[in-house]
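# Reading the structure
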Amino acid sequence: MQDDRLIVALDVPNALEGLQLAEVLGPSVSFYKIGLGMLTGGGLALANELSQEHGKRIFLDMKLFDIGATIEAAVRGLAQFDLDFLTVHGDPHVVRAAKEGAAGKPLKILAVTILTSLDRADLDAGLIKPGDLPDLVAERAGRAFEAGADGVIASPQEAAMIRALPQATGRLIVTPGVRSVGSALGDQKRVATPAQAVADGADHIVVGRPVWAAADPRAAAEAILSELRG
């Protein structure tokens with residue numbers, strides 16, 4: 001049985017390279033994330049091909065943010081594709097509109113709390129209210145759940161705190177910023193190992209560079225899956 005807890009981020013330049021990577025990874029990986037960076041490089045076409053022809057699950061990481069009517073229209077359009085997860089910013093008005101747009105479809109709306117590449121200094125620069133970052137993440141997660149989010153995106157370091165929220169019952173926690181022991185951090189500032197992230201309440205982990213930049217991507221993915229299984 002395939003382990004879909006590992007989501008591999010296809011952070012490569014275009015759909016052709018994404019498809020080539022998926023072919024290298026083969027049956028080892030069943031779930032892929034396609035982000036904003038590949039949208040103009042054939043990302044939606046790649047999502048369709050991986051889903052329809054290869055039976056893969058798809059997480060479209062768009063982190064949408066706009067007025068409610070625009071979000072609802074955008075999500076309604078995206079929900080016509082065979083997607084599993086879609087991200088929007090965790091502001092309640094955005095989440096509510098996204099859920100309206102996804103009505104009647106199996107697409108799950110995941111809310112971004114605070115990007116895992118940010119720290120308190122970044123929040124200060126963006127005029128975000130004072131407070132410890134984990135507390136702000138938990139507060140945003142709670143509000144997103146109340147607005148109807150099917151899950152949240154959050155650093156593994158906040159996964160346990162979010163999982164403990166009453167509103168988190170039956171909701172998903174998806175964690176980027178996951179690095180195996182000894183891996184380089186790259187642009188992530190709040191990280192944990194795959195096993196720790198899952199132990200702390202994550203349902204899925206998202207891993208990009210440690211897989212696609214590896215000399216043997218399939219072996220790298222299988223090593224992470226092995227870590228998950230303990």
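Read on for a plain summary of the structure. Computed from a predicted model, the values in this text were never measured in an experiment.

Criteria and thresholds
- Residues numbered from 1 in each chain as written.
- Predicted model: local features only at pLDDT ≥ 70, side-chain atom pairs only at ≥ 80, totals over all residues.
- Heavy atoms only, no water.
- Phe/Tyr/Trp six-rings, centres within 6.5 Å; stacked < 30°, edge-to-face > 60°.
- Helix = DSSP H or I, 4+ residues; strand = E, 2+ residues; numbered from the N terminus.
- Buried < 20%, exposed > 50% of the residue type's maximum accessible area, 1.4 Å probe, protein only.
- 1 Å grid on protein atoms, 1.4 Å probe; cavity = no way out; pocket = protein on both sides within 12 Å on 5 of 7 lines; lining within 4 Å.
- Points joined across faces, edges and corners; volume = space filled by probe spheres on them.
- Nonpolar A, V, L, I, M, F, W, Y, C, P; charged D, E, K, R; others polar.
- Axes fitted to C-alpha atoms, helices over the stretch in contact; angles between N-to-C directions.
- Left-handed = near helix turned anticlockwise from the far one by under 90°.
- Contact = heavy atoms within 4.5 Å.

What follows covers the packing of aromatic side chains. Applying the stated rule across the entire model yields two aromatic pairs. Taking the centre distance of 6.0 Å and the plane angle of 65 degrees together, the rings of Phe59 and Phe85 count as edge-to-face. Of the two residues, Phe59 is situated in strand S3 (residues 57-64) and Phe85 in strand S4 (residues 85-89); the sequence distance between them amounts to 26 residues. Taken individually, Phe59 and Phe85 each receive the classification buried, so the pair is uniform in this respect.

Another point: the layout of surface pockets. Counted as a void, the second largest pocket has a volume near 340 Å³. For the second largest pocket, the lining is made up of 16 residues, of which Asp91, Thr113, Ile114, Ile128 and Arg140 are closest to its centre. At four residues, the largest contribution of residues to the lining of the second largest pocket is made by helix H6 (residues 133-146). Its residues placed into classes, the lining of the second largest pocket shows eight nonpolar, three polar and five charged.

Before going further, it helps to spend a moment on the packing of helix H1 (residues 15-25) against helix H10 (residues 217-229). Interaxial distance between H1 and H10 falls to 8 Å at its minimum, and their mutual angle equals 60 degrees. Handedness of the crossing formed by H1 with H10: right-handed. Where H1 approaches H10, its residues Leu21, Val24 and Leu25 are matched on the opposing element by Pro217, Arg218 and Ala221. The residue inventory of the contact of H1 with H10, partitioned by class, reads five nonpolar, no polar and one charged.

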